[in-house]
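Listed here are the chains, written in short residue letters.
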Amino acid sequence: MPHRPRPSVVPLLCALALAAGCTTVGGPSDDRAAPVHELSAAELRTAAVTDADLGAGYAVTVMTPGHGDTGQGSGRETSDVPACQPLLDAVAPGGGAGPGAASPGAGLPYAETDLSVARAADPAGAAYGALVGYRSGRAAQVQAELEKLFGPCAVFTSTAPPPPAERGKKGAQSTHTRHRLAQADTPTPEGADAATGFTLTNESGTAVLSQRAVLTRVGPALAVFTTFGVSTEPAAAPDERIVRQQVAKLRAAQTGK
């Protein structure tokens, strides 16, 4: 089974937030339609789903957002289609921007909490998640920008430099990868404003690696859960119980109920 890195979704959401800066999203599903409390970084962390919320058989670990180096020279995988780069950054291990990466006034997230959820009944089916807080109106714009990628990024390629141990050696070669992005039918859980699902594959090796993600918008926050799989066992949709319970807890924290 190939190594499954812990994903970080914040680079994706940060890039999309910048792209959404000049976008107007309206309608009844916009998080500005029903003002709710914008959770502080501490409140967002407290709102993360717990073992007790999910019941027996689930184990939740709340983690510090990743701060991996995804800059030039760091071995960053680069999309040959610049518009699709946020998708690669989203699955880069430890690539999280974390809270305070940029001023909230710039439209970027002001708070983030990462977590993983393991199930005793399915050790290989762990779900990795992130709760990301935005100022009012921005979460809807970020979600809309994500959905615009499904067309132009349906198929794209990327290039990654040789592993650190191989760089500088004679014959060391970059890795070229083909990716496929597909939107997945995802119902909106009760209590959420909207939901978006997608699958992203990595077809560079002998086995096709896949990532299945579900993004739900709850007021001014986004909750994203991701699972991993391979060609013989494709990534399954994140456990609906985890998503539902997380949505309910976020909504309760925002409304004070």
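Residues numbered from 1 in each chain as written. Predicted model: local features only at pLDDT ≥ 70, side-chain atom pairs only at ≥ 80, totals over all residues. Heavy atoms only, no water.

Undergrad: Sorry if this is basic, but what is going on with the packing of aromatic side chains here?
TA: We describe a pair of aromatic rings using the distance from one ring centre to the other and the angle between the two ring planes. Scanning the model with the defined rule gives two aromatic pairs in all. Sitting over the ring of Y110, R135 keeps its end group 4.0 Å from the ring centre. (Phe/Tyr/Trp six-rings, centres within 6.5 Å; stacked < 30°, edge-to-face > 60°. Lys NZ or Arg CZ within 6 Å of the ring centre and 35° of its normal.)

Undergrad: Where do I start with the confidence of the model for the protein in this structure?
TA: Detailed reading of the predicted coordinates is not advisable wherever pLDDT is low. Confidence along the protein averages 79 in pLDDT terms, with 74% of residues attaining 70 or more. Below a pLDDT of 50 lies the segment residues 66-73, which in the model reaches 19 contacts outside its immediate sequence neighbourhood of four places, other chains included. When the criterion is pLDDT under 50, residues 93-105 qualifies, and its contacts beyond four places in sequence or with other chains add up to 37 contacts. (pLDDT = per-residue confidence, 0-100. Contact = heavy atoms within 4.5 Å.)

Undergrad: Where do I start with the state of the cysteines in this structure?
TA: Two cysteines joined by a covalent bond between their sulfur atoms form a disulfide. This model, assessed by the stated rule, comprises one disulfide. One disulfide in the model links C84 with C153; its S-S distance is 2.0 Å. Taking the torsion about the S-S bond as the criterion, the C84 to C153 disulfide, at about -105°, is left-handed. A residue pair is termed long-range when its members are at least 10 positions apart, and C84 in the loop between β2 (78-79) and α4 (85-91) and C153 in the loop between α5 (138-147) and β5 (155-160) qualify at 69 residues. Residue C84 shares its accessibility class with C153, and that shared class is buried. (Disulfide = S-S within 2.5 Å. Helix = DSSP H or I, 4+ residues; strand = E, 2+ residues; numbered from the N terminus. Buried < 20%, exposed > 50% of the residue type's maximum accessible area, 1.4 Å probe, protein only.)

Undergrad: Just checking my understanding: could you explain the nonpolar core for this structure?
TA: Generally speaking, nonpolar side chains in soluble globular proteins are found buried as a group. Ranked by internal contacts, the top residues of the largest apolar core, which has 22 residues, are L54, L115, V117, L131, F225, I242 and L250. Looking at this core, the elements with two or more residues in it are β1 (58-63), β3 (111-119), β4 (122-133), β9 (221-230) and α6 (240-255). Among the elements that make up this core, the one with the highest residue count is α6 (four residues). Here L54 is in contact with V49, V60, V117, R241, I242 and Q245, once residues within four sequence places are set aside. Core analysis: the second largest hydrophobic core is formed by 20 residues, Y134, L149, C153 and F198 among them. (Core = buried A, V, L, I, M, F, W, Y, C linked by side-chain atoms within 4.5 Å.)

Undergrad: Is there a simple way to explain the sheet that holds β1 in this structure?
TA: Two pairing modes exist for strands in a sheet, parallel and antiparallel, and in both the strands are linked by backbone hydrogen bonds. Overall, antiparallel pairing links the nine strands, which are arranged β1-β3-β4-β9-β8-β7-β6-β5-β2 in an open sheet. Here the strands that pair on one side only, and so sit at the sheet edges, are β1 and β2. As paired elements, strand β6 (residues 175-184) and strand β7 (residues 194-202) share six bridges and run antiparallel to each other. For L181, the partnering residue across the bridge sits in β7 and is L200. (Pairing = 2+ DSSP bridges.)

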